[in-house]
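Results of the structural survey
The primary structure of each chain is shown beneath.
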Amino acid sequence: MKKASILILILASVLLITACADDTDSITSIDDLATAVIGVQRDTTGHIFVDDNFPDATVDAFPEGADAIMALLNGSVDAVVIDNLPAARFVFHNEGLVILGDYLTTEQYGIAFALGSEYTALFNEALDTLRDNGTLAAIYDYWITENPDASRYVSPAGTTHPNGTLRMGTSAGFEPFEFFEGGVIVGFDVCLVNAIGDLIGYEIEIINMDFGAIIPHVQTGQVDFGLAGMTITEERREFVDFSQGYFTTGLVTIVRG
């Protein structure tokens, strides 16, 4: 092959690579998602939203939100759609990522129980008490606003759990709601459920699993409830009962800045 032909091929390759790089970093508005490669966490409302609203996009569903973020960082996807607070933590921990635009949705997190479960009303009463006595606000203050004067929830002195143990299904890759810290699952939801357990006299056993496995485990009684930053939806209500909403959230889009 002649040198001139080789040079043309090299230049063409450079132009193609540059064009691809420009395309992957050209997500500047929600409209750009229409034909993008979008990363989501499997079986979440982010996954459902992208499927429903961007039919011409390529959807890449990952077991954990962190996996989708890694794909964004290495250029395998153009954007990630995920809940706003985990999105903010991912952006904080990963230089070069930004949150694009406004909320795509407004949602409420709830606690999932088997249909007809006796625990639904019990947890709702406890949530009302925690709102009224300021405990829920204090948990929010510690984990969400990160007030330096706030303290992490601990059981009051003398607390007992005479009613036994309840098993909680969660998916611990969702900071600040549930995530690993020093090998232990911590977060907003963990403090919330411990406060509920203290009120109703149950110790809480936390069982980690894939997010998509939580509702089936609740349905079959392998866990007593699911608490994992799970949005209350009518579709999910066909399979489980939900507590009242305990946290308002929304989906956002993360892109490379």
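Definitions and cut-offs
- Residues numbered from 1 in each chain as written.
- Predicted model: local features only at pLDDT ≥ 70, side-chain atom pairs only at ≥ 80, totals over all residues.
- Heavy atoms only, no water.
- Core = buried A, V, L, I, M, F, W, Y, C linked by side-chain atoms within 4.5 Å.
- Buried < 20%, exposed > 50% of the residue type's maximum accessible area, 1.4 Å probe, protein only.
- Helix = DSSP H or I, 4+ residues; strand = E, 2+ residues; numbered from the N terminus.
- Contact = heavy atoms within 4.5 Å.
- Pairing = 2+ DSSP bridges.
- Axes fitted to C-alpha atoms, helices over the stretch in contact; angles between N-to-C directions.

1. Details of the nonpolar core
- By size, the foremost hydrophobic cluster in this structure holds 45 residues, and its most contacted members are Ile 111, Phe 123, Phe 188, Ile 196, Phe 225, Tyr 246 and Ile 254.
- Top contributing element to this core by residue count: helix α7 (residues 188-200), with seven residues.
- The residues contacting Ile 254, other than those within four sequence positions of it, are Ile 69, Leu 72, Ala 79, Val 80, Ile 82, Ala 87, Phe 90, Val 91, Leu 97, Val 98 and Ile 99.
- Counting 15 residues, the second largest nonpolar core, distinct from the first, contains Ala 36, Phe 49, Phe 54 and Ala 57.

2. Quick notes on the sheet that holds strand β1 (residues 37-41)
- Ordered by their spatial adjacency, five strands build an open sheet running β2-β1-β3-β14-β4, and the pairing between neighbours is mixed. Two strands lie at the open edges of the sheet, namely β2 (58-62) and β4 (97-100), each paired on one side alone. Shown here is a sheet whose adjacent strand axes are inclined to one another by a mean of 30°, direction ignored.
- As judged from the four bridges shared by β4 and strand β14 (residues 251-256), these two strands associate in the antiparallel manner. Looking across to β14, one finds that Val 98 is bridged to Val 255.
- The sheet strands contacting helix α3 (residues 65-73) are β1, β2, β3 (79-83), β4 and β14, and the helix crosses β3 at an angle near 155°.

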